There are 2 protein chains.
Amino acid sequence: MANSSTIETLLNHRSIRDFTEQQLSEQQVDQLLDAARQSSSSMFMQQFSIINVSDSDIKKNLVTITGHPYAANNGHLFIFVADQYRNYLIGREKGLDTKLLGETDRLLGGVYDATIAAQSIVTAAESIGLGAVYLGSILNDAAKVVDMLNLPRLTFPLFALAVGYPASSPELKPRLPKSLTTFNDQYKIPDNFDGILDDYDKTLTNYYATRSTNNRSETFREQIDRHILSSPKKRRDLYKVLRSQGFLTEA
Amino acid sequence: MANSSTIETLLNHRSIRDFTEQQLSEQQVDQLLDAARQSSSSMFMQQFSIINVSDSDIKKNLVTITGHPYAANNGHLFIFVADQYRNYLIGREKGLDTKLLGETDRLLGGVYDATIAAQSIVTAAESIGLGAVYLGSILNDAAKVVDMLNLPRLTFPLFALAVGYPASSPELKPRLPKSLTTFNDQYKIPDNFDGILDDYDKTLTNYYATRSTNNRSETFREQIDRHILSSPKKRRDLYKVLRSQGFLTEA
């Protein structure tokens, strides 16, 4: 079977949350951005933007918002933005009615484009020995991020991505078996769902208990239950923030 | 500067829409799924599923929905699903109130996870000489796709991905320059926005006019204006379909 160093890279993905002091060069950042730029775009509307964050005040605020010190530590920080504002400017030139750009479909297009681009950066980075971590937790206060980055109407900050030289080498984190996540032609939860989850709970608990840092005792079910039961307060305002940015206009 | 075959692959991305008759082996599909599976997941909620589509009736319907014959031709077809239903089942076991799983934040988590996984498959496939194309156009009738794939509440079909042996070798499609898409610390449309777009319009028009297949005459601005002015009718129902699947409950 054909194989490649790229597939090896993907199969060995782990999130890296601490980086050495060595900074990415401008050329490296530029190369990562080029990899992102050539990636697929929904209807070729190129509906995303990237903000490179280096300002120390913004970084401090991001640490507060995310609760993660690594939002400010060393690694290069990108913020990915779903962006229909640029396309709005194009439509406005001709005086078009741009209301379609605020509809759910166009928001999804922006989310796809930004996420595809981000994952290209992650894979590119890992292929040259760098590490990366997504910070979805910027959504703990999306309105503040909008304000800090001066994001106009029809844009929305989705997540940050930190990339740097790994200062740790975490173990591979086991995923759900494909029998629970991959189906043929029809969505179908397997009859032995509970038994498969029992096995996976054991596997994941063992991983959390024995990994070299940040040990804890938790099953997958317990982790999901935790996220079902609570969410940071302002994160429950996402719908409102999206609406105030001009998205989800069909409501 | 460090470089890698992975970065070369990413910089050479083009969507492949026609495939030879050679089918992917089961092992190849499995390897692509493994690459997807190890990718990052928002809060590690593993909130996506993949449907392998081989049923000829489903494929025929997808050709009708998408308008693309390549939805049925040769290549292996994956459909990516944002999925909180599996996590709902976990919460239900303990009788938890699962309403958080329907909120906008959890929908976004599912979209991120599915899109990250899909882009890992695209890059893995391209690294071993395969080609791929996203089909966002399954959203031209999302309700029908939900029905065909038997998708339960708290799931939503995002896009399809066709992967196969390339039967063509399209030219590289030029993207917007980074000056319009990448900013430092603050979102800021450059003062010479129109001039930069004029240059890009020329570049893209030349690409469309001279590429070896499917020539057309269109600038980037014209293409965006077209998508601002119209959208397939049922695609404007996405918000409703998401709501009927149990998402966006804050409205």
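Residues numbered from 1 in each chain as written. Chains lettered and ligands numbered in written order. Predicted model: local features only at pLDDT ≥ 70, side-chain atom pairs only at ≥ 80, totals over all residues. Heavy atoms only, no water.

**Considering the overall build of chain A**
- When helices and strands are tallied, chain A shows 9 helices and 5 strands.
- Each helix (α) and strand (β) of chain A, taken in turn from the N terminus, gives the series α-α-β-α-β-α-α-β-α-β-β-α-α-α.
- For 251 residues, the compact-globule estimate of 2.2 N^0.38 gives 18 Å, and chain A sits close to it at 20 Å.
- Along the first, second and third principal axes, the C-alpha set of chain A runs to 60 × 45 × 45 Å.
- Here chain A holds 251 residues, and 63% of them are scored as buried.
- A separation threshold of at least 6 residues defines the contact pool for chain A, and within that pool the share at least 24 residues apart is 77%.
- Carbon and sulfur atoms make up 48% of the accessible area of chain A, which amounts to about 9,600 Å² in all.
- With 27 positive and 29 negative side-chain charges, chain A shows a separation of 4 Å between the mean positions of the two kinds. (Helix = DSSP H or I, 4+ residues; strand = E, 2+ residues; numbered from the N terminus. Rg over C-alpha atoms; globule rule 2.2 N^0.38 Å. Buried < 20%, exposed > 50% of the residue type's maximum accessible area, 1.4 Å probe, protein only. Contact = heavy atoms within 4.5 Å. Areas by Shrake-Rupley, 256 points an atom, 1.4 Å probe, with all protein chains shown as cover. Lys, Arg positive; Asp, Glu negative; His and termini not counted. Charge placed at Lys NZ, Arg CZ, Asp CG, Glu CD.)

**Things to note about the pattern of salt bridges**
- Scanning the model with the defined rule gives 35 salt bridges over all chains in all.
- A salt bridge links D34 of chain B to K178 of chain A; its shortest N-O distance comes to 2.8 Å. Of this pair, D34 of chain B sits in helix α2 (residues 26–37) while K178 of chain A sits in the loop between β4 (155–164) and β5 (182–184), placing the two residues on different chains.
- Note on D34 of chain B: relative accessible area 23%, which makes it partly exposed.
- Note that D201 of chain A and R221 of chain A form a salt bridge whose closest N and O atoms lie 2.7 Å from each other. Here D201 of chain A is found in helix α7 (residues 193–210), whereas its partner R221 of chain A is found in helix α8 (residues 220–229), with 20 residues between them in sequence. As far as the burial class goes, D201 of chain A and R221 of chain A line up, both buried.
- Salt bridges sharing common partners tie together E93 of chain A together with D194, D198, D201 and R221 of chain B. (Salt bridge = Lys/Arg side-chain N within 4 Å of Asp/Glu carboxyl O.)

**A word on helix α8 (residues 220–229) of chain B**
- Among the 10 residues of α8 of chain B, 7 are classified as buried, and the element is accordingly described as predominantly covered.
- What α8 of chain B keeps buried is the set F220, R221, Q223, I224, D225, H227 and I228 of chain B.
- Buried-residue contacts for α8 of chain B involve α4 (85–93) and α5 (104–127) of chain A together with α7 (193–210) of chain B.
- The N-cap residue of α8 of chain B is T219 of chain B: its side-chain oxygen and the backbone nitrogen of R221 of chain B are 3.4 Å apart. (Polar contact = N/O pair within 3.5 Å; in protein donor to acceptor, adjacent residues only side chain to side chain.)

**Looking at the sheet that holds strand β5 (residues 182–184) of chain B**
- Sheet architecture is open: 5 strands sit in the order β3(A)-β4(A)-β2(A)-β1(A)-β5(B), paired in mixed fashion. The strands lining the two open edges of the sheet, one partner per strand, are β3 (131–135) of chain A together with β5 of chain B. With strand direction ignored, the average angle separating the axes of adjacent strands in the sheet is 25°.
- Those strands touched by α5 of chain A are β1 (48–53), β2 (76–83), β3 and β4 of chain A, and its axis lies near 5° from that of β4 of chain A. (Pairing = 2+ DSSP bridges. Axes fitted to C-alpha atoms, helices over the stretch in contact; angles between N-to-C directions.)

**Here's the deal with the sheet that holds β5 of chain A**
- Strand order across the open sheet formed by 5 strands is β5(A)-β1(B)-β2(B)-β4(B)-β3(B), with mixed pairing between neighbours. On the outer flanks of this sheet lie β5 of chain A together with β3 (131–135) of chain B, each paired with one strand and no other. Neighbour-to-neighbour, the strand axes of this sheet turn through a mean angle of 25°, independent of strand direction.
- Judged from the 5 bridges that link them, β3 of chain B and strand β4 (residues 155–164) of chain B form a sheet pairing that is antiparallel. Counterpart to L135 of chain B in the pairing with β4 of chain B is A160 of chain B.

**Quick notes on the pairing of β1 of chain A**
Residue and element names in this part refer to chain A.
- Burial within β1 is extensive, with 6 of its 6 residues counted as buried.
- Side chains F48, I50 and N52 project from β1 onto one buried face, and the interleaved S49, I51 and V53 project onto a second face that is buried too.
- When β1 meets β2, the two strands line up antiparallel, connected through 6 bridges. Each bridged residue has a counterpart across the sheet, and for V53 the counterpart in β2 is L77.

**Some remarks on the interface of chain A and chain B**
- Contacts between the two partners involve 116 residues from chain A and, on the opposite side, 116 residues from chain B.
- Approximately 10,700 Å² of surface area, both sides summed, lies buried where chain A meets chain B, with 60% of it carried by carbon and sulfur atoms.
- Of all residues in chain A, Q38, F44 and Y187 of chain A bury the most surface against chain B, accounting for 8% of the area lost on that side.
- Taken together, chain A and chain B are joined by 12 salt bridges.
- The shortest N-O distance in the salt bridge between R221 of chain A and E93 of chain B comes to 2.9 Å.
- Between chain A and chain B we count 67 residue pairs in polar contact (both at pLDDT 80 or more) in total.
- If you tally residues by element for the side of chain A that touches chain B, the top one is α5 of chain A, at 13 residues.
- When the residues that make up the side of chain A that touches chain B are grouped by side-chain class, the tally is 58 nonpolar, 35 polar and 23 charged.
- Summarising the sheet, β5 of chain A and strand β1 (residues 48–53) of chain B pair through 3 bridges and their orientation is parallel. Paired with T182 of chain A across the two strands is I50 of chain B, which belongs to β1 of chain B. (Buried area = accessible area lost by both parts, 1.4 Å probe. Nonpolar A, V, L, I, M, F, W, Y, C, P; charged D, E, K, R; others polar.)

**Quick word on the relation of the copies chain A and chain B**
- When chain A is brought onto chain B, the operation consists of a screw motion whose angular component is 180° and whose axial shift is 0.0 Å, with 0.0 Å RMSD remaining. As the rotation angle and translation indicate, the two copies are arranged about a two-fold axis. Considering only C-alpha atoms, the residue of chain A closest to the rotation axis is T6 of chain A, which sits at 2.7 Å.
- Interface overlap between copies is the fraction of interface residues in one copy that are interface residues in the other; for chain A against chain B it reaches 100%, indicating a shared surface. (Least-squares fit on C-alpha atoms with pLDDT ≥ 70 in both.)

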